[in-house]
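One letter stands for each residue in the lines below.
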Amino acid sequence: MNQSGNRRLSANMRSLEEIELENTSSQCDSGESNHEKNLAGTLARLLRSCFNKYELDRVLERPHIAAIAFSGTVGMGIFVTSGELIGIAGSLGCVIAYIGAASIIIPVMRTLAELVSIRPVAGALIDYPHTFVDKALGFAVGVTYCLANCMSMATLTSSAARASDNFADGKGIDRKGIIGIIVGFCIITLLSNLCGVRMYGNIERVVFWLKLMLLTTVCILMILVKAGAGSLADSPEAASSNGTIHALGVRSENGYGNGNAIVPFLRFDGFKGPEDLIGGGYKTGISGSWGQFLAIWTAITLALFSCMGGDIVIVTAGEAKRPRRDLAPITRFMYLAPLGFYFLVSILVGLNISFMNPSLYHPWEKPAADAPKISHSPVIIILSRTSVKALPKVLNAGFMLSAYTAGNTALFTASRTLFSLSHLYGNKWVRDTFGTTNNGNTPVAAILTCSAFSFLAFLGLADPTFDQPILSLASFFVGGICCVYASQCIAFIKFKNGMRELDPAELDRDSETYQQRHYRAHWQPVCAYLALFGCSMIVLFSGWPAIYLLCEKRALMTADELKNDGSLIADVIGAYSGVSHIPAKTP
């Protein structure tokens, strides 16, 4: 009995020891888990204390808003795209293209000016279709506008990296150097947006004057070159047959230069000499007046990328100090400055270069494997043929700065749009994540999220020329923004019709009370209908050249000189993937 009792006692003792060990280990585990929970809770409280605001900082004055919109409009387009337009449509065709693009932009901006005078609210571009048409349309506009500006940021970053090749005298910068340049631009763009809207507005005021000086300098240089200053008289390209010296040696005979300001037909691989004019477009493109029309129409579509950006004024409504007083006048007049410069620069550049210049960029031409990495900018091409060799590199640095600052503004626009989207349509988690600001009223989470799209600029590494990624991303931007513009026009038409149906006597746009309180846009709703039609045509037919070439490429004599089917498919995707919605409700 004693032995069995001892055995039972020892077993009980061992079980008690095991229980105590289990309790001790469980207490340790619970202590560690409690410690982790306390640490996580502390971090969560810290984040909530730092990002506990849901409002933006209303500190932007009228000069800040005008500078931000001007900087967002003037990027790389006029300095590079103008050469592309000359190569497609000719010197006069380039001027007509910018006039056509302006005829779409101006009625849109006049429409937005009246809307913002009535409802100068944060997220106004989302609010107008949301309020006057349908909530679903407002959501589609917000998503499209945010993504389009993210694509614009990546496009401009790629353009700035592409321009850096011009410092290497045609040899191009190596892959590591390009990666470093892209990363550097992405970091600087992110930091300048994180520093707060007050500092950002001051930076853009300085950039505004730099870009104004850059545009003025380009105009003066083009006038001087046309007058013969700095020309290389001993160059075979500099003298024409009659002894007159031109900047690029364009001849008036055989269809050269000013003797043929518009291309005689649409040639997809471009004109390289007088022999390319023979045949009238037969099996090289689209011949006759129809080919000329399509060349100019295509140029208008490409010119729109340069002309868009005046809508950024509306985006600043949430951070404008006096939105009701400042936004409508800036929206009415600010866009006229860049559009006026575009018109002037396109005329002056076109007087100095022929559409047959072999250095001009042609978007459907197959890039040569051994082609030097030269600038597509007609300004750089013109100045490189003069005796002042330092000018091209100095101006190229200015073009890089212009592209970077426009991308900077695109990030500002995209982040504010995402912030407004989260408040209008997001659930609690979305509002607490993307709809909050730090103690300085900066939407940090929205900025970080949108800045991630800047790494799409690395797509250019797959194409040594950077041309295809830039073209596809730019097409995405143009298609998306045209959809946004069309939606704003529909919202205005609905607004105007609603005023007439509710109370024509009290809500009359022609009344003195209305005109004292708000801006009344003239020629409405004609302007809205014209802008709606123009934007719809751009959206529907922006990708027609790539579709035509995919169908008829084998029938062209120059098929071997055109880019491959994969690049053409990328053109189609870029042209129509930005069209996330087509306004289904008609006024």
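Residues numbered from 1 in each chain as written. Predicted model: local features only at pLDDT ≥ 70, side-chain atom pairs only at ≥ 80, totals over all residues. Heavy atoms only, no water.

K.L.:
What am I meant to see in the overall build of the protein chain here?
P.N.:
The number of helices and strands found in the protein chain is 21 helices and two strands. Across the 587 residues of the protein chain, 54% fall into the buried class. Sequence separation of at least 24 residues holds for 80% of the intrachain contacts in the protein chain that already meet a minimum separation of 6. Entry remark: accessible area of the protein chain is about 25500 Å², with carbon and sulfur atoms responsible for 63%. (Helix = DSSP H or I, 4+ residues; strand = E, 2+ residues; numbered from the N terminus. Buried < 20%, exposed > 50% of the residue type's maximum accessible area, 1.4 Å probe, protein only. Contact = heavy atoms within 4.5 Å. Areas by Shrake-Rupley, 256 points an atom, 1.4 Å probe, with all protein chains shown as cover.)

K.L.:
Is there a simple way to think about the nonpolar core in this case?
P.N.:
Buried together is how nonpolar side chains tend to be arranged in soluble globular proteins. Grouped together as the largest cluster of nonpolar side chains are 136 residues, with contacts concentrated most on Met222, Phe268, Leu304, Met308, Leu395 and Phe399. Take this core: its biggest share by element is 17 residues, from helix H17 (residues 467–502). For Met222, the contacting residues outside a window of four places in its chain are Leu348, Val349, Asn352, Val379, Ile382 and Leu383. Met151, Ala154, Ala414 and Ile447 belong to the second-largest nonpolar core, a separate cluster that totals 15 residues. (Core = buried A, V, L, I, M, F, W, Y, C linked by side-chain atoms within 4.5 Å.)

K.L.:
Is there a simple way to explain unusual backbone geometry in this structure?
P.N.:
Trans peptide bonds make up the majority, and among non-glycine residues the majority have a negative phi. The linkage connecting Gln524 with the following residue, Pro525, adopts the cis geometry, with an omega of 5 degrees. Phi is positive for Trp523, close to 60 degrees, though the residue is something other than glycine. With respect to the helices, strands and loops of the structure, Trp523 is situated in the loop between helix H18 (512–517) and helix H19 (526–541).

K.L.:
What am I meant to see in the confidence of the model for the protein chain here?
P.N.:
The predicted coordinates of low-pLDDT regions are not to be read in fine detail. Scored by pLDDT, the protein chain comes out at a mean of 77, with 78% of its residues at no less than 70. Contacts of residues 580–587 to residues separated by more than four positions or lying in other chains number 20 contacts, the stretch itself having pLDDT below 50. (pLDDT = per-residue confidence, 0-100.)

K.L.:
Sorry, what's going on with the packing of aromatic side chains here?
P.N.:
For any pair of aromatic rings, the description consists of the separation of the ring centres together with the inter-plane angle of the planes. A complete count under the given rule lists 14 aromatic pairs for this structure. Grouping aromatic residues by their ring pairs yields a cluster made of Phe70, Phe208 and Trp209. (Phe/Tyr/Trp six-rings, centres within 6.5 Å; stacked < 30°, edge-to-face > 60°.)

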